[in-house]
Amino acid sequence: MTTTDPLDSHYLQLEDGINVSETGDYATLVTPNGNSSQPVHRWFHFKEAFSHRLLSRVIKDEELAVRGDGFQVFDPFAGSATTAVSLAQIAQEGTITSARFFGTECNPFLHILGSGKVAALSKPPSNFEEFAKTVASAAAHERLSPSAGIALSTFHKESYFPQANVERLLKLRSACDRLSEAADETTQLLAATCLATSVEPASRLRRDGRTLRFSPSKVPLDPTAVFMGTAQRIKEDLPKEPVRIHANISLADIRDNSSDNQLTDIDLALFSPPYPNNIDYTEVYKLELWALGLVDSNDAFTSQRRRTLRSHGSLKWDDEYAYKLQPFGVEIDKTLDPILKAIPRSDRYTQYRRQLVMGYVDDMLRVVSKVHGALRPGGVMACVVGNSLHGNPGEQVLIAADLLIAHMAMLVGMDVTRIEVARRPKRRITQSDYLRESIVFARKRIS
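Residues numbered from 1 in each chain as written. Predicted model: local features only at pLDDT ≥ 70, side-chain atom pairs only at ≥ 80, totals over all residues. Heavy atoms only, no water.

Asker: If you had to explain the overall build of the chain to someone new, which residues and values would you point to?
Answerer: For the chain, the helix and strand inventory stands at 14 helices and 12 strands. Taken over C-alpha atoms, the radius of gyration comes to 22 Å for the chain, in line with the 22 Å a tight globule of 447 residues would show. Dimensions of the chain, computed from C-alpha atoms along their principal axes, come out at roughly 70 × 55 × 40 Å. Residues counted as buried form 57% of the 447 residues belonging to the chain. Contacts in the chain between residues far apart in sequence, at least 24 positions, make up 78% of those at least 6 positions apart. (Helix = DSSP H or I, 4+ residues; strand = E, 2+ residues; numbered from the N terminus. Rg over C-alpha atoms; globule rule 2.2 N^0.38 Å. Buried < 20%, exposed > 50% of the residue type's maximum accessible area, 1.4 Å probe, protein only. Contact = heavy atoms within 4.5 Å.)

What follows is the structure, given as structure tokens:
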């Protein structure tokens, strides 16, 4: 490829020596294609997930042998537990006889969702449907205290949420809390999952992937009916026998020094971090956080937002970057300098975009370092990430996250085996070949 654009020329240099392939085989695997009809995956629509078929495809293509002492998989951004559930289902089929999954997730709602799924597979409750019916019946007669409520203003706008639905949600939550005291942990997690699935359908809001949008024509549904519908799907999907998988998802930030320091001997790290696309996913899933009582004040919500990757400019971040203290800090600065120079200086977002680029690289360097430390020699990292275009036509800057992550993987001691270009989004008009969604494959060096 030849180019006259200085930033594309820089990316071309970064790409030099890396095998970049575009077979088209992964196009349907980097999105949640087919998940809505698959057992367990279908319990909650998580738009940011990848396909349930991606794990098995990566295992096959990377020729990962299942060792006698078990196959170990790590996902530092566990999300809705797509990786964990996919591994459990492979074990359920008998392809893998011994499977272990380790994950981290810093969003408490997603932690509940993912933990409930893996618990349901490894420790399926025998009477969950009956418990759900008891909750629904109790909620119909629940008496709420005058202080009960959800502080988030979104729940108090009649145009967004019929107040009768908000009251039903609160009664369901109150009944879940009261009755869960006598239930096992798996049942508690599944009840919270049913409650979470009831929140957005009870409103005239619609999650479009980037934010919550008001949809006046949307008909709000009865939360109790949605709650019981999810309980029915859970009943249908619960395995008759426990799946032989050890799975643990920690409520933690993978960037923290205390997070999973003892994790070793991992065969595969398969994950998809937030893309540097200005989307604050804590904001996107705020309804569930507030409705489940996981945050109860604006300060608590802001604190949770600050636990996210620096992939968006909706918060003002400190200009502190740990990579500058690393031996290869100067090399990273040289890598970032052409990107920072390409950021338009004529609008009010210049500083935010600079912080996004530097902060994202700083955060992802920590992530990649943790993954490298967790992998066994020869173990594989497969990172699904999308490159992002920022700015208005004529003054745009493209952040090639796949090349930046590949560069960081090499710095920490991995060999980048290839970048597989999965698809090229058509939403934005650009002449650059680097607007793409890819999977960065790397292996930990054996010696």
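Asker: Please set out the pairing of strand β12 (residues 437-444) residue by residue, giving values where relevant.
Answerer: For β12, the tally of buried residues reaches seven of eight residues, placing the bulk of the element in the interior. Where strand β8 (residues 375-386) and β12 come together, seven bridges link them in antiparallel fashion. Looking across to β12, one finds that Met381 is bridged to Ala442. With eight bridges connecting them, strand β11 (residues 414-423) and β12 associate as antiparallel partners. Looking at the pairing, Glu420 lines up with Ile439 of β12. (Pairing = 2+ DSSP bridges.)

Asker: Mind laying out the packing of helix α7 (residues 185-197) against helix α8 (residues 223-237), listing which residues take part and the relevant values?
Answerer: Put simply, α7 and α8 touch, their axes get as near as 8 Å, and they point 130° apart. With respect to α8, the element α7 is oriented oblique. In terms of crossing hand, the pair formed by α7 and α8 is right-handed. Counting all contacts with α7, which are made through Leu190, Ala191, Cys194, Leu195 and Thr197, the residues of α8 involved are Val226, Phe227, Thr230, Ala231 and Ile234. Each residue belonging to the contact of α7 with α8 can be placed in one class, and the counts come to eight nonpolar, two polar and no charged. (Axes fitted to C-alpha atoms, helices over the stretch in contact; angles between N-to-C directions. Parallel < 35°, antiparallel > 145°, perpendicular 65-115°, else oblique. Left-handed = near helix turned anticlockwise from the far one by under 90°. Nonpolar A, V, L, I, M, F, W, Y, C, P; charged D, E, K, R; others polar.)

Asker: Please provide a residue-by-residue account of the sheet that holds strand β2 (residues 71-75), values included.
Answerer: A sheet is described by the order of its strands in space; here eight strands give the open sequence β1-β11-β12-β8-β7-β2-β3-β6, paired in mixed fashion. Taken across any chain shown, the strands that pair with only one partner, and hence form the sheet edges, are β1 (20-21) and β6 (245-251). Where β2 and strand β3 (residues 99-105) come together, five bridges link them in parallel fashion. Its bridge partner lying in β3, Gln72 is registered against Arg100.

Asker: Help me get a handle on the nonpolar core, residues and values and all.
Answerer: Buried together is how nonpolar side chains tend to be arranged in soluble globular proteins. Residues Phe155, Leu268, Leu336 and Met381 are the most contacted members of the largest nonpolar core, which totals 146 residues. For this core, the element with the highest residue contribution is helix α13 (residues 350-374), accounting for 11 residues. Not counting residues within four places of it along the chain, the set of residues in contact with Leu336 comprises Tyr323, Val357, Met358, Val361 and Leu404. (Core = buried A, V, L, I, M, F, W, Y, C linked by side-chain atoms within 4.5 Å.)

Remember, this is a structural readout, not a statement about activity or role.
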